[in-house]
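Secondary and tertiary structure notes
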Amino acid sequence: MTQLDHQVHYVGPEITGSRIFKLIAFLYGISAYLVFFVTVLYAIGFVTGLVVPKTIDTGTDTPTVEAVIINLLLMTLFAVQHSVMARQQFKAWWTQFVPKPVERSTYVLFASLALLLLFWQWRPLPAVIWNVENPDLAVTLVTLSFAGWVLVFTSTYLINHFELFGLHQVTNHLIGKETPPPRFKTPLLYNFVRHPIYLGFIIAFWAAPTMTAGHLLFAAVTTLYIFVGIALEEHDLVALFGDEYRQYKQRVSMLIPWRRSL
Ligand SMILES: C[S@@+](CC[C@H](N)C(=O)[O-])C[C@H]1O[C@@H](n2cnc3c(N)ncnc32)[C@H](O)[C@@H]1O
């Protein structure tokens, strides 16, 4: 035992194995999933500017430099939370405090809260970068943006929606079933690109009939972050699946089906 082991109060099986803990963990997992679901629905309205009260182009009037700094800080907070908490070393450390069955749900909850904070505090930058006047083209762009969201959702189901958002783990724990280790998969769309979920986000963020400076900042920074996220994720996937993932990288492109290098 290390010195740290003596100081840490491990959440052991005597607690996590009890029936009441299993039920609380399950209800917590469902709640985290519902918060995530509402957050994603809000995200669609926030980016497309439809239905929701506060969008990417509305909010407190703020001087440009201040608005850019606040928005960058909000996106950085999300990116750091999302990337750091997804790493194996971080998971190994914090499951000393957070019981393993609710680790994914807690990650999902924190990511949703970081996003809700971003939607709430986002400052508009109303300067128009482009505005598509042609109504057919404008409708096509909105449709494309929704198609991006459909691609995101469909791909989460292909890879394992319920495991990705923690429900699988808390359900297995409730019924006393071991959650199997992650498996390498290449279902349907994953045979065309390695990251259809991220491709869906990029399409959803960029396909806009009216692109303001604020929206452009959001689309550009999130796209940059997606590339960083892909590098980190693929590093972990190679460590996890070894040659199987290396060969997959040779065979299937990253984001653009017909461009092997991307
Ligand atoms: C938010 S999902 C994004 C998946 C993928 N990058 C995409 O854009 O469709 C991230 C999780 O999917 C897992 N993952 C990514 N590709 C995978 C694959 N081919 N098979 C199994 N798991 C995968 C990663 O390990 C990570 O836990």
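Small disclaimer: the values here were computed from a predicted structure and weren't measured.

It is worth spelling out the nonpolar core at this point. Counting residues in hydrophobic clusters, the biggest one holds 18 residues, and the most contacted among them are Phe46, Leu118, Trp122, Trp149, Phe205 and Phe218. Here the element with the most residues in this core is helix 3 (residues 19-48); it accounts for four residues. Dropping the residues within four chain positions of it, phenylalanine 205 is found in contact with Val47, Trp149, Met211, His215, Phe218, Ala219 and Thr222. Core analysis: the next-biggest nonpolar cluster, separate from the first, contains 16 residues, Ala25, Met85, Val102 and Val170 among them.

On to the UniProt feature "transmembrane region" (unreviewed entry) in the protein chain, then. Taking the numbering used here, the UniProt-annotated feature "transmembrane region" (unreviewed entry) corresponds to residues 20-44, 64-84, 105-122 and 137-159. The span residues 20-44 is 100% helix and 0% strand, and its two end C-alpha atoms sit 37 Å from each other.

Quick look at the UniProt feature "domain: NnrU" (unreviewed entry) in the protein chain now. UniProt's feature table lists "domain: NnrU" (unreviewed entry) at residues 73-220, given in the numbering used throughout. Between the first and last C-alpha atoms of residues 73-220 the distance is 14 Å; the span itself is 64% helix and 5% strand.

With that settled, the discussion passes to the packing of aromatic side chains. Going through the model one piece at a time under the given rule, you end up with 23 aromatic pairs. Relative to phenylalanine 201, the ring of tryptophan 149 has its centre 5.8 Å away and its plane inclined at 90 degrees; by these criteria the two rings are edge-to-face. With tryptophan 149 in helix 7 (residues 135-159) and phenylalanine 201 in helix 10 (residues 196-206), this pair connects stretches of sequence that are 52 residues apart. For tryptophan 149, a relative accessible area of 4% puts it in the buried group.

The environment of the ligand is made up of Ile159, Leu164, Arg183, Phe184, Lys185, Tyr190, His195, Pro196, Ile197, Tyr198, Glu233 and Leu237. Take isoleucine 197: an N or O atom from its main chain is 3.1 Å from an oxygen atom of the ligand. For the ligand, a nitrogen atom lies 2.6 Å from a polar atom in the side chain of glutamate 233. Here the ligand has 560 Å² of accessible area as a free molecule, and 82% of this is covered by the chains. Contributing elements (two or more residues each) for the shell around the ligand: helix 10 and helix 11 (213-241). The element that contributes the greatest number of residues to the shell around the ligand is helix 10, accounting for three residues. Of the residues in the shell around the ligand, the class split is eight nonpolar, one polar and three charged.

Cut-offs applied
- Residues numbered from 1 in each chain as written.
- Predicted model: local features only at pLDDT ≥ 70, side-chain atom pairs only at ≥ 80, totals over all residues.
- Heavy atoms only, no water.
- Core = buried A, V, L, I, M, F, W, Y, C linked by side-chain atoms within 4.5 Å.
- Buried < 20%, exposed > 50% of the residue type's maximum accessible area, 1.4 Å probe, protein only.
- Helix = DSSP H or I, 4+ residues; strand = E, 2+ residues; numbered from the N terminus.
- Contact = heavy atoms within 4.5 Å.
- UniProt positions renumbered as here; feature names shortened; annotations may be inferred.
- Phe/Tyr/Trp six-rings, centres within 6.5 Å; stacked < 30°, edge-to-face > 60°.
- Near = heavy atom within 4 Å.
- Polar contact = N/O pair within 3.5 Å; in protein donor to acceptor, adjacent residues only side chain to side chain.
- Areas by Shrake-Rupley, 256 points an atom, 1.4 Å probe, with all protein chains shown as cover.
- Nonpolar A, V, L, I, M, F, W, Y, C, P; charged D, E, K, R; others polar.

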